[in-house]
Amino acid sequence: MLLALLVSGLVVALVVIGLFVFGLRRRLIQRSGGTFDCSLRWGVADEPDVSGKGWVYGVARYSGDRIEWFRVFSYSPRPRRLLERSSIEVLSRRAPEGEEELALLSDAVVLGCSHRGTRLELAMSDDALTGFLAWLEAAPPGQRVNVA
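Residues numbered from 1 in each chain as written. Predicted model: local features only at pLDDT ≥ 70, side-chain atom pairs only at ≥ 80, totals over all residues. Heavy atoms only, no water.

1. Let's talk about the environment of E89
The following threshold applies: Starting at the N terminus, helices and strands are each numbered in turn, a helix being any DSSP run of H or I of at least four residues and a strand any DSSP run of E of at least two. With a 1.4 Å probe rolled over the protein chains alone, any residue whose accessible area is under 20% of its type maximum counts as buried; one over 50% counts as exposed, and the rest are partly exposed.
Relative to the elements of secondary structure, E89 occurs in strand 6 (residues 88–94). Using a relative accessible area of 29% as the deciding quantity, one classes E89 as partly exposed.

Written out as structure tokens, the structure is:
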């Protein structure tokens, strides 16, 4: 009986510590500002896949001339993807369809992009999309920016 209470207490403590570390990590990522919720699907086909598979929920952060993208459900302090402004090409914009609506946040807009020859999709809110497109268009003079 005592052993069962000790084990269950240890499990509860580990879960609480794990949740605390997730929250602390997100707070540290957002501390410098310029962050927004952004789901990412890397290496997609040319035609839209509305199955909802492959989407990963994350947080993106503006950092100079690049965006650092972090997975939400990760303990890593480093970004999972780095997207450089000069290498991002916006190809399309659409609303989530089919099962994608269940995999993404409720007000998400899907942006089809290319980054160094790799097709990807970003899903973000309308407000985040406005900021993202403004950031892309605010590139320093002489840099090529492709916004559809």
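2. Points about the nonpolar core
A general trend in soluble globular proteins is that nonpolar side chains are found buried together. For clarity, the threshold we go by: Nonpolar core, defined: a set of buried Ala, Val, Leu, Ile, Met, Phe, Trp, Tyr and Cys residues in which side-chain atoms within 4.5 Å join the residues together.
Within the largest apolar cluster, 21 residues are counted, with the highest numbers of intra-cluster contacts made by F36, L122, M124 and F132. If you list the elements that add at least two residues to this core, you get strand 4 (66–71), strand 6, strand 7 (109–115), strand 8 (118–124) and helix 3 (126–137). Grouped together as the second largest cluster of nonpolar side chains are five residues, L104, A108, V110 and A123 included.

3. Brief notes about the UniProt feature "transmembrane region" (unreviewed entry) in the protein
Definition in use: UniProt positions are given in the numbering used here, feature names are shortened, and annotations may be inferred rather than shown by experiment.
Here the UniProt feature "transmembrane region" (unreviewed entry) sits at residues 6–24. This span, residues 6–24, is 100% helix and 0% strand, and a straight line between its end C-alpha atoms measures 27 Å.

4. Some remarks on unusual backbone geometry
Even without being a glycine, R116 presents a positive backbone phi close to 55°. Residue R116 is classed as exposed on the basis of its relative accessible area, which comes to 56%.

5. A few points about the sheet that holds strand 7
Note: strands within a sheet are paired through backbone hydrogen bonds, in either parallel or antiparallel orientation. Stated precisely, the cut-off is as follows: The rule for pairing is simple: two strands pair if DSSP sees at least two bridges between them. A fitted line through C-alpha atoms represents every axis, and for helices the fit uses only the stretch in contact; the resulting angles, taken between N-to-C directions, go from 0 to 180 degrees. Every residue pair with non-hydrogen atoms within 4.5 Å of one another is taken to be in contact.
The sheet built from four strands is open, its strands ordered 2-8-7-6 with antiparallel pairing. Because the sheet does not close on itself, it has two edges, and the strands there are strand 2 (39–42) and strand 6. On average, each strand axis in the sheet is tilted by 25° relative to the strand beside it, whichever way the strands run. Strands strand 6, strand 7 and strand 8 of the sheet are contacted by helix 3, whose axis makes an angle of about 150° with strand 6.

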